[in-house]
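# Geometric and topological summary
The primary structure of each chain is shown beneath.
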Amino acid sequence: MLPPTVIRTCPSADNDFQPLSEYQEQTPDTFFDGKPVLYYHDENVKAWVSAEQHDQLFFFSKTPEDGGAPLNPSPSPNPTPPECYALENNWGKHIREEKVEAFVTSNKLILFSHQTGTGIEIPYPAITLHAVKSFEHVDKPEDSSTRFIGVYMQLEFARSGDDDDEMSGPIELTLIPFKKQDSTGTPIVDPLNTERTTALFNQISACSNLHPDPEEDEEEDEEQEAFDRIVFEGDAIEGLPGVFQGEANGGLPPPMPGSSGWITADNVQEYFDEEGNWIGPDGVSGELGDGAGHVRGHDEMVGDDSNGVEDGDDNDTKRPRNE
């Protein structure tokens, strides 16, 4: 797991990143230098997290209940209309909301709150789960105009030495693109919410694929190493991987399945004579058939004009031998 990076200056979508369209149109000079690629950018996103976890993301506004002096407190730390009407518990009183600007870049996911002047850079391996979550009005679920979707994520960051990783659950964060409206208008769900949320989710998925979890890579390497070797059948000698018990008379270990014995430099003379002819000992399976080791002359091959094809065989299936 990797820790987030806290930032105090909002990135510039125009100056700090290379647009994805521009990146796709040209071959980069190098894949290691240059600006990160901006896959998706949205200036109006609501970030929801539980009241118990909001301080772990650093960019949420402080309230007197949090202890200490608040930093640029927002009018309300709880979810705001119209999206809050999809939440239980008195419109989500157990949830904290912060409006952020979102940058989905090739190296990190960046969320920045202009209200608090603080943001975080989230490494993609820290996003252990992300999915599209559907919402509907608690009291009017049949009203399609109140439905919307968001990107639900589970985040796991590296903890300090005093914290117990096993006792700390993942941070559950939901990002919801919303429609910014003036104070006099009636808040409505953004008609483009589905398109914006889908684009946000797809680009987070694309960038996450660029940064696989290092722990998963190590596990895959270990599994690959476990199978990247020849597996022998037989009685292995304990403590000596790959070494097998030989015969009681001092002979070689049992042959491999489907073979008739082991031929090595030490016993090759038992199977071949000085001229290379097969002289396999008695009891060896897989005896050679008639004609084995016999060199057929030209007259034998073409004397009957059969070209090796017996009567009744399809002559078109064999090619004649030319010498």
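Relevant structure appears above.
Residues numbered from 1 in each chain as written. Predicted model: local features only at pLDDT ≥ 70, side-chain atom pairs only at ≥ 80, totals over all residues. Heavy atoms only, no water.

Attention now moves to the environment of Pro 11. Considering the arrangement of structural elements, one finds Pro 11 in the loop between β1 (5-7) and β2 (18-19). Pro 11 sits 108 residues away from Gly 119 along the chain, and the two C-alpha atoms are 9.7 Å apart. (Helix = DSSP H or I, 4+ residues; strand = E, 2+ residues; numbered from the N terminus.)

Our focus in this paragraph is the pairing of strand β6 (residues 118-123). If a strand is regular, its side chains alternate between the two faces of the sheet. Within β6, six of the six residues are buried, leaving the element largely enclosed by the surrounding structure. Here β6 shows two buried faces, one formed by Thr 118, Ile 120 and Ile 122 and the other by Gly 119, Glu 121 and Pro 123. Relative to β6, β1 runs antiparallel, the two sharing three bridges. By the bridge assignment for β6, Val 6 is matched with Ile 120. Joining the antiparallel neighbours strand β5 (residues 108-113) and β6 is a turn of four residues, in which Gly 117 adopts a positive phi near 70 degrees. (Buried < 20%, exposed > 50% of the residue type's maximum accessible area, 1.4 Å probe, protein only. Pairing = 2+ DSSP bridges.)

Here we take up the side chain of His 137. Here His 137 is to be found in the loop between β7 (127-135) and β8 (148-155). The exposure class of His 137 is buried, given its relative accessible area of 10%. Polar contacts involving the side chain of His 137 include one to the main-chain amide nitrogen of Lys 140, which spans 3.2 Å. In this structure, His 137 is in contact with Tyr 85, Ala 86, Trp 91 and Thr 146, ignoring residues within four places of it in sequence. (Polar contact = N/O pair within 3.5 Å; in protein donor to acceptor, adjacent residues only side chain to side chain. Contact = heavy atoms within 4.5 Å.)

All chains considered together, the criterion is met by five salt bridges. Note that Lys 108 and Glu 121 form a salt bridge whose closest N and O atoms lie 3.5 Å from each other. Of this pair, Lys 108 sits in strand β5 while Glu 121 is found in strand β6, placing the two residues 13 residues apart along the sequence. Among the residues examined, Lys 108 registers a relative accessible area of 24% and is labelled partly exposed. One salt bridge connects Arg 196 with Asp 190, and the closest N-O pair in it is separated by 2.4 Å. (Salt bridge = Lys/Arg side-chain N within 4 Å of Asp/Glu carboxyl O.)

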